[in-house]
Amino acid sequence: REDMAEGRGPDRAAEFYRARREEMDAGAEVSWPSRVRDGEISALQTAENLLIEMGSEAFHAEMQNDPQEVTDMAYNLTTEIVLAHSTAIPKLALPEAVTVFTGFCDINRAGLHWCVAGFAQDMTGHSPAYGRWPAHGELWKKNAPELDRKRAIFGGLKAVCDGLANTVFVRSGVRIQLGTLLIDRGYEPDVVHKFAAAASYPFRVMPARGYAAHKYYPHKSTLVGRPFEGCHVVRSDFGQFLAFDADRWRETAQRAWLADPGAPGGFTLFQGEGPRYHIAFAEQVVAEKLSNKYETDQGIRWEWRHQPGALWDWGDAVTGCWVGAAAAGLSPSGEPAIKRQRPKAHVVIHRPGRR
């Protein structure tokens, strides 16, 4: 799933399966052993790849003849819904109620897609700007040498951060500075950490990585400080980064568009130049669809499917903004994520003649 999402294809997963086929085939039964696609080595591999490509709902209905009942938690987020959340607030301006101003930058060959957003205490969000570097073309050429790829990422991150540092964002007519920019470290983490360590901007630059809900868990051995809601700081060989529950926050970010513009917990966009101004952005926000959500012994599982041929980088960037707000101490309930309790005072009263 990770390699396909990053445009690297299935080769690495295929090699992993080929080297461990006996172990990975154990316990599985297939009803049509000859159903093997070109380039794959077993019907089980074909089935598993189809499950990833199609999503659980379509796979079980079309390939297993066993349609699943989709949870009533599912919803239908469309580009028109996102477009309807463009407001009269000018670009680069934030609502007066904003207390946290954060951002997120996603990385892959298609470019660096970034989004910044301000949040009020009740986690009502508004984006005053988003963008892509480079504006046209790809960040690096296909099959580019590793060093060229790393240099392109480092240079692109510098261009994005330089631009954000020189942009004048305002709240109630007064300049407001970005607080933290999270950068996706899922691809080339060494480059991201090197950039963050060398960065010198009026805002904090911090690597971040999202995990599927069933793989997200704060381990005491690597935890730094106290966890926030759905995210926590982790120690790694490259340095510290913010780990987060990507499934949980993706759904939270998408559901925010379903609220009426300006409603508590909702999300809005700056005023565009025309009703279709945000169409490319909106298409990426809705490119990931929640196909199933269900309870397991290990907790809630989310299953997502991607629109064929679509990018979802700006969708990931918006999700990252919500994570940044959570890391600043906000929560969807509007209550502080970490409640600090005063230490209880132990008072001893001595009364003469009494025990």
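Below, the structure is looked at part by part.

**As for the pattern of salt bridges**
Scanning the model with the defined rule gives 15 salt bridges in all. Between E288 and R250 there is a salt bridge, with the nearest N and O atoms lying 3.0 Å from each other. In this pair, E288 is assigned in strand β13 (residues 288-296) and R250 in helix α9 (residues 246-256), connecting sequence segments 38 residues apart. Within this structure, E146, R149, K150, E188 and D190 form a network of salt bridges that share partners.

**Concerning the sheet that holds strand β2 (residues 100-108)**
Reading across from one edge, β9-β10-β11-β8-β7-β2-β3-β4-β12 is the order of the 9 strands in this open sheet, with mixed pairing throughout. In this open sheet, the two edge strands, each paired with only one partner strand, are β9 (223-228) and β12 (267-269). Strand after strand, the sheet turns through a mean of 30° between neighbouring axes, direction not considered. As defined by bridge partners, β2 adjoins strand β3 (residues 111-119) across 9 bridges and the pair is classed as antiparallel. Bridge assignment links D106 to a residue of β3, and that residue is H113.

**Considerations on the nonpolar core**
Core analysis: the biggest nonpolar cluster contains 43 residues, and F119, W257, V318 and W322 have the highest contact counts within it. Ranked by residue count, the leading element in this core is helix α11 (residues 313-327), at 8 residues.

**Overview of the packing of aromatic side chains**
Summed over all chains, the structure comprises 15 aromatic pairs. Between F119 and F267 the ring centres are 6.2 Å apart and the planes differ by 45°, which places this aromatic pair in the tilted class. Taken together, the residues F119 in strand β3 and F267 in strand β12 connect sequence positions 148 residues apart. The exposure class assigned to F119 is buried, which follows from its relative accessible area of 0%. With 6.1 Å between their ring centres and 40° between their planes, F267 and W322 make a pair best called tilted. Placement of the pair is F267 in strand β12 and W322 in helix α11, with a sequence separation of 55 residues. For the pair shown, F267 and W322 are each scored as buried. One aromatic cluster in this structure is built from F119, Y130, W257, F267, F270, Y277, F281, W314 and W322.

**As for the packing of helix α7 (residues 146-165) against helix α8 (residues 189-198)**
The interhelical angle for the contact between α7 and α8, taken along N-to-C directions, is 40°, at an axis separation of 10 Å. With respect to each other, α7 and α8 are oriented oblique. Handedness of the crossing formed by α7 with α8: right-handed. Seen from α7, the contacting residues are K150, I153, F154, L157, K158 and C161; seen from α8, they are D190, V191, K194 and F195. Across the contact of α7 with α8, the residue classes break down as 6 nonpolar, no polar and 4 charged.

**Describing helix α4 (residues 43-54)**
Between the first and last C-alpha of α4 there are 16 Å, a value that for 12 residues agrees with the 16 Å anticipated at 1.5 Å per step. Regarding α4, the residues found buried are A43, L44, Q45, T46, N49, L50 and M54. Looking one or two residues past α4, G55 carries a phi angle of roughly 90°, positive in sign.

**A few points about the pairing of β3**
Counted residue by residue, β3 has 9 buried out of 9 residues, so it is predominantly covered. Side chains of β3 alternate between two faces, with G111, H113, C115, A117 and F119 and L112, W114, V116 and G118 buried alike. Linking β2 to β3, which pair antiparallel, is a turn of 2 residues. Two strands pair when backbone bridges link them, and β3 and strand β4 (residues 125-133) are joined in this way by 7 bridges, in the antiparallel orientation. Bridged to W114 within β4 is G131. The hairpin turn running from β3 into β4, its antiparallel successor, is 5 residues long, and M123 in that turn takes a positive phi close to 60°.

**Considerations on the side chain of H85**
Here H85 is to be found in the loop between α6 (79-83) and β1 (93-94). Within the structure, the side chain of H85 is placed 2.6 Å from the backbone oxygen of A259, a separation counted as a polar contact. Aside from chain neighbours lying at most four places away, what touches H85 is A256, W257, A259, D260, P261, F267, T268 and L269.

**Concerning the pairing of β4**
In terms of burial, β4 is largely enclosed, as 7 of its 9 residues are buried. Relative to β12, β4 is paired through 3 bridges, and the arrangement is parallel. The partner of H126 across the bridge, within β12, is T268.

**Overview of the packing of α9 against α11**
The interhelical angle for the contact between α9 and α11, taken along N-to-C directions, is 105°, at an axis separation of 9 Å. With respect to α11, the axis of α9 lies roughly perpendicular. Contacts between α9 and α11 involve A246, W249, R250, T252, A253 and A256 from the former and D316, V318, T319, W322, V323 and A326 from the latter. In terms of residue class, the contact of α9 with α11 is made up of 8 nonpolar, 2 polar and 2 charged.

Rules and cut-offs
- Residues numbered from 1 in each chain as written.
- Predicted model: local features only at pLDDT ≥ 70, side-chain atom pairs only at ≥ 80, totals over all residues.
- Heavy atoms only, no water.
- Salt bridge = Lys/Arg side-chain N within 4 Å of Asp/Glu carboxyl O.
- Helix = DSSP H or I, 4+ residues; strand = E, 2+ residues; numbered from the N terminus.
- Pairing = 2+ DSSP bridges.
- Axes fitted to C-alpha atoms, helices over the stretch in contact; angles between N-to-C directions.
- Core = buried A, V, L, I, M, F, W, Y, C linked by side-chain atoms within 4.5 Å.
- Buried < 20%, exposed > 50% of the residue type's maximum accessible area, 1.4 Å probe, protein only.
- Phe/Tyr/Trp six-rings, centres within 6.5 Å; stacked < 30°, edge-to-face > 60°.
- Parallel < 35°, antiparallel > 145°, perpendicular 65-115°, else oblique.
- Left-handed = near helix turned anticlockwise from the far one by under 90°.
- Contact = heavy atoms within 4.5 Å.
- Nonpolar A, V, L, I, M, F, W, Y, C, P; charged D, E, K, R; others polar.
- Expected span 1.5 Å × (residues − 1).
- Polar contact = N/O pair within 3.5 Å; in protein donor to acceptor, adjacent residues only side chain to side chain.

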